[in-house]
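# Summary of structural features
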Amino acid sequence: MKVAIMGYGTIGSGVAAVLERNRESIAGKAGDVLEVKYVLDLREFPGDPVQEKLVHDVDVIMNDPEVAIVVETMGGVEPACTFVKKALSAGKSVVTSNKALVAKKGTELLDLAKEHQVSFLFEASVGGGIPIIRPLNQCLTADEIMEITGILNGTTNYILTKMATEGITFETALKQAQDKGYAEKDPTADVEGHDAGRKIAILSSLAYGSQVDFEDIYMEGITKITDTDFRYANAMGTAIRLLATSRRAENGFYAMVAPVMIGADHPLYSVNDVFNGILVVGNMVDKLMFYGRGAGSLPTASAVVADVIEEASHPHTTLLTSWSTKKLPLADMGTWVRKFFVRMSGGPEQKAQAEAAFGNVEYIDAGVPGEFGFVTPAMSEADYQKKAAGIQGVLQMIRMEA
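With 15 residues, helix α11 (residues 194-208) extends 21 Å between its outermost C-alpha atoms, agreeing within 8% with the 21 Å of an ideal straight helix rising 1.5 Å per residue. With respect to burial, α11 is a largely interior element, 13 of its 15 residues being buried.

When two helices pack together, their arrangement is given by the angle between their axes and by how far apart the axes lie. Packing of helix α4 (residues 80-89) against helix α5 (residues 99-115) brings their axes to within 10 Å, and their N-to-C directions diverge by 15°. Relative to α5, α4 is oriented roughly parallel. Here α4 and α5 pass one another in a crossing that is right-handed. Of the residues in α5, those in contact with A80, C81, V84, K85, L88 and S89 of α4 are L101, K105, E108, L109, L112 and A113. Considering only residue class, the contact of α4 with α5 consists of eight nonpolar, one polar and three charged.

Glancing now at unusual backbone geometry. Between E78 and P79 the backbone carries a cis peptide bond, its omega angle lying at 5°. The phi dihedral of D286 falls on the positive side, at around 65°, and the residue is not glycine. Mapped onto the fold, D286 is located in strand β13 (residues 286-293).

On to the pattern of salt bridges, then. Across all of its chains, the model carries 25 salt bridges by this definition. Residue D195 is joined to K199 by a salt bridge in which the shortest nitrogen-to-oxygen separation is 3.0 Å. With a gap of four residues between them, D195 and K199 both fall in helix α11, about one helical turn apart. The residues D195 and K199 share a single accessibility class, namely buried. R399 is the salt-bridge partner of E381, the closest N and O atoms lying 2.6 Å from each other. Taken together, the residues E381 in helix α15 (residues 381-389) and R399 in strand β20 (residues 394-401) connect sequence positions 18 residues apart. As far as burial versus exposure is concerned, E381 and R399 are alike and both buried.

Attention now goes to the sheet that holds strand β5 (residues 93-96). Taken together, six strands build an open sheet; the order of strands is β3-β2-β1-β4-β5-β6 and the sheet is parallel. The sheet is open, and its two edges are formed by β3 (54-55) and β6 (120-121), each paired on a single side.

Across all of its chains, the model carries 14 aromatic pairs by this definition. Between Y208 and F253, the aromatic rings sit 4.6 Å apart at their centres with planes inclined by 45°, giving tilted as the arrangement. Here F253 lies in strand β11 (residues 252-263) and Y208 lies in helix α11, a separation of 45 residues in the sequence. Take F253: its relative accessible area is 15%, and that puts it in the buried class. Aromatic rings pair up to connect F340, F358, Y363, F372, F374 and Y384 into one cluster. Lying over the aromatic face of F214, R198 brings its terminal NZ or CZ to 4.4 Å of the ring centre. Here K351 stacks its cationic end above the ring of Y363, 4.8 Å away from the centre of that ring.

What follows covers the packing of helix α8 (residues 154-166) against helix α9 (residues 170-179). Where α8 meets α9, the closest approach of the two axes is 9 Å, and the angle between their N-to-C directions is 125°. Viewed along their axes, α8 and α9 adopt a mutual orientation that is oblique. α9 is crossed by α8, and the crossing has right-handed handedness. The segment α8 lies against α9, with Y158, I159, K162, M163 and E166 engaging F170, A173, L174, Q176 and A177.

Rules used in this analysis
Residues numbered from 1 in each chain as written. Predicted model: local features only at pLDDT ≥ 70, side-chain atom pairs only at ≥ 80, totals over all residues. Heavy atoms only, no water. Helix = DSSP H or I, 4+ residues; strand = E, 2+ residues; numbered from the N terminus. Expected span 1.5 Å × (residues − 1). Buried < 20%, exposed > 50% of the residue type's maximum accessible area, 1.4 Å probe, protein only. Axes fitted to C-alpha atoms, helices over the stretch in contact; angles between N-to-C directions. Parallel < 35°, antiparallel > 145°, perpendicular 65-115°, else oblique. Left-handed = near helix turned anticlockwise from the far one by under 90°. Contact = heavy atoms within 4.5 Å. Nonpolar A, V, L, I, M, F, W, Y, C, P; charged D, E, K, R; others polar. Salt bridge = Lys/Arg side-chain N within 4 Å of Asp/Glu carboxyl O. Pairing = 2+ DSSP bridges. Phe/Tyr/Trp six-rings, centres within 6.5 Å; stacked < 30°, edge-to-face > 60°. Lys NZ or Arg CZ within 6 Å of the ring centre and 35° of its normal.

Below, the structure written as structure tokens:
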């Protein structure tokens, strides 16, 4: 069976490597030898064996009836979306690792795949090498998913881990991440929470069966987290993580990406460095944890190739995904109830202000001169914002998770 790869970057080259390295075992699972016939890229790769398979015109792939499966690892929405539509319309199944494409165009591409009796699979778009799409789509279909909470971005988790363990600033930790190749030269999508936002949009859409738009999700990154915040976190025995959460509640569905303090008994507390973790709560199975490398060439490529094997095993078949085009409206974030950690400047006078505003607060002594920290009682987001606006000297607020 012939396969084409569109985009020969980190993931695309990993896919080619996995298909070659595990050629025999993959053939046994797929029922046929999977051979890369074409690689689409604008660049040349002199000295690389892929040069013999390199094409610069996507129509070479689309017009070849031998190509049954197309792997899209280009990234971005366009021209990836146009190329994927061409492939599906030509009767070729498609696998992608492209979270931006899936979050924006997932339902449209799934419908097009169904129309042409092929499949559109995207396991690697969320957790890299962590299997999460297939469990949601197959293993947990008897459950109502109540919550999905994940550390879905390895770059930000690495930065926060370094800040916690070495007491360094955000800027220093970001530079270390860039030097190690974990962070892009422009890290905005990671550190502002957009990457995690796209991933939780995909997971929420699958879990709840309706379209959750990335643009509707509240997103707050880690750029305002300081080394001082970690002094308080350490004093409290908590960790600060960038959590992407969606939750089913009585008044609707919530979705948010934000830094959160979690205690040692939280399942995601020990997920450090570049690793990802995803907590799924079902009304029957209770809590399930998925943990592993959420990025990287070979881990992500492994998930891509698993989808390729699935498609190769079911030719001319649409592998169904429960993701409706109907939009799922999200509940007002202001009604989400939780506790909040707050830092304020000043002394006894400011403490009196805090108590007058928030009531019975729990003070945290981290030995930081000129300021103090405390944890509020549980209250809604809107209530917190109203109370905080009425006092002076608030330096920081970080949400807390039980």
